[in-house]
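Take a look at the letters that make up each chain.
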Amino acid sequence: MTLLNLLETLLVIGMLGAALFVVRTRDLLAAVVVTAIISLVAAILFYVLQAPDVAITEAAIDAGLTTAIFLVALRKTERYEK
Amino acid sequence: MTRRVLAILLLLILAVALYQALARVPFGTDRMAVSRYYLDHGVQDLGGVNIVTSVVVLYRGFDTLGEVTVLFLAATGLGALLHGLALHDEKRRRTKTPPSLIMRTATRILFPLILLLGAYVFVHGHLTPGGGFPGGVVVALAYLLGFLAHDHWRVNHRAVRWIEGLAGMTYVIIGLLGLYLAGSFLANFLPPGTPGRLFSAGIIPLIYITIGFKVGSEMTGLLSEMKEITE
């Protein structure tokens, strides 16, 4: 296993763990922030897989814009899930 | 209990069906003759070094016009929805912490740099990764940072709407010019030039600049409306 493969494996495992955290946690603000981190890791993976166009789009739209929209929605409700 | 068993059974059937369908295709093989053609002839036909951009703007240009239209409709619908929300939800106000000095100072320095990056991404769409859509979103994110750091920041909604409309119209006019000069809608009527130079690749840079302006103004308008309903 090369170093790059190892990096990819670690990133995918990290994404899975973060996704589980997002589903399980009751703190919605933490969920939104971790969702942004997942998108950022996805962008890194796209870059490693030689798709820089997709990586840029993923980083700008998913990690940036979607997070902002989620945060606006969160302001309209409460921070903790019941 | 029976519902759960049924759900698992259904998923198993779905998995078997998917496996049956995908098992016949060797993993990772190149099955599309047309993608091979794009890779072999794209650069010399159109002059764009970034093949992804050539496919999006020229080979599949009409699809991209549809995509821009869908984005426009989504933004318009969301704007209408947000206006309805703003009317009813006046009661619940939160205590607000004002943006810190670090945030305000950093934004003052970063704002023009992020704008510049966004413009770079959409102007150089035919040379480097990226293009009109991500470039426009980067421009909008610069404004998002401004909205976060300065309470009194507003954009001129009338100007945003004018930029959006003019950019969309320019896209269609470029398409009609292609119909008039080269025989089909959105045809490439400019010479391909030397691949790798800024002024090359025919109409790709022109179209991506209009898309960049359109997406940037659309998203900025949306973010600004969202800021107004949270206040």
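Residues numbered from 1 in each chain as written. Chains lettered and ligands numbered in written order. Predicted model: local features only at pLDDT ≥ 70, side-chain atom pairs only at ≥ 80, totals over all residues. Heavy atoms only, no water.

This paragraph deals with the overall build of chain A. Helix and strand counts for chain A stand at three helices and zero strands. When the helices and strands of chain A are read in sequence order from the N terminus, they spell out α-α-α. Structurally, chain A occupies a C-alpha span of about 45 × 25 × 10 Å along its principal axes. Per-residue burial over chain A gives 33% buried out of 82 residues. Of the contacts formed within chain A by residues at least 6 apart in sequence, a portion of 58% connects residues at least 24 apart. Carbon and sulfur atoms provide 73% of the accessible area of chain A, an area that totals close to 5300 Å². (Helix = DSSP H or I, 4+ residues; strand = E, 2+ residues; numbered from the N terminus. Buried < 20%, exposed > 50% of the residue type's maximum accessible area, 1.4 Å probe, protein only. Contact = heavy atoms within 4.5 Å. Areas by Shrake-Rupley, 256 points an atom, 1.4 Å probe, with all protein chains shown as cover.)

As a further point, take the packing of aromatic side chains. The geometry of two aromatic rings is summed up by the distance between their centres and the angle between their planes. Residues and elements named next belong to chain B. Applying the stated criterion across every chain yields a total of seven aromatic pairs over all chains. Taking 5.9 Å as the distance between ring centres and 85 degrees as the angle between the ring planes, the aromatic pair formed by Phe62 and Phe185 counts as edge-to-face. Residue Phe62 is located in helix 4 (residues 61-88), and its partner Phe185 is located in the loop between helix 7 (157-182) and helix 8 (204-230); the two are separated by 123 residues in the primary sequence. Judged by its relative accessible area of 28%, Phe185 is partly exposed. On the basis of an interplanar angle of 90 degrees and a centroid distance of 5.2 Å, the ring pair of Phe111 and Trp153 is categorised as edge-to-face. Residue Phe111 is located in helix 5 (residues 101-123), and its partner Trp153 is located in the loop between helix 6 (132-149) and helix 7; the two are separated by 42 residues in the primary sequence. A relative accessible area of 16% places Phe111 in the buried class. Within the aromatic cluster, the residues linked to one another by ring pairs are Phe111, Tyr143, Phe147 and Trp153. (Phe/Tyr/Trp six-rings, centres within 6.5 Å; stacked < 30°, edge-to-face > 60°.)

Turning to the nonpolar core, a few remarks are in order. If you look at the biggest cluster of nonpolar residues, it comprises 29 residues, and the most contacted ones within it are Tyr171, Ile207, Ile211 and Leu223 of chain B. Of all the secondary structure elements, the ones that give two or more residues to this core are helix 3 (52-75) of chain A together with helix 3 (51-59), helix 4, helix 6, helix 7 and helix 8 of chain B. In this structure Tyr171 of chain B touches Gly61, Thr64, Leu65, Val68, Leu186, Ile207, Thr210 and Ile211 of chain B, once residues within four positions along its chain are discounted. (Core = buried A, V, L, I, M, F, W, Y, C linked by side-chain atoms within 4.5 Å.)

Looking at chain B, the pLDDT average stands at 83 and 92% of residues meet or exceed 70. Taken over the whole predicted complex, pTM reads 0.80, whereas the ipTM for its chain interfaces reads 0.81. (pLDDT = per-residue confidence, 0-100.)

Let us now look at the interface of chain A and chain B. In this assembly, 14 residues from chain A lie in contact with 18 residues from chain B. Summed over both partners, the interface of chain A with chain B comes to about 1600 Å²; 70% of that surface belongs to carbon and sulfur atoms. For the chain A face of the interface with chain B, the top three residues by lost area are Asp53, Arg75 and Lys76 of chain A, together amounting to 40%. Along the contact surface separating chain A from chain B lie zero salt bridges. At the junction of chain A and chain B, the tally comes to two residue pairs in polar contact (both at pLDDT 80 or more). Along the lines of polarity and charge, the residues of the side of chain A that touches chain B split into eight nonpolar, three polar and three charged. (Buried area = accessible area lost by both parts, 1.4 Å probe. Salt bridge = Lys/Arg side-chain N within 4 Å of Asp/Glu carboxyl O. Polar contact = N/O pair within 3.5 Å; in protein donor to acceptor, adjacent residues only side chain to side chain. Nonpolar A, V, L, I, M, F, W, Y, C, P; charged D, E, K, R; others polar.)

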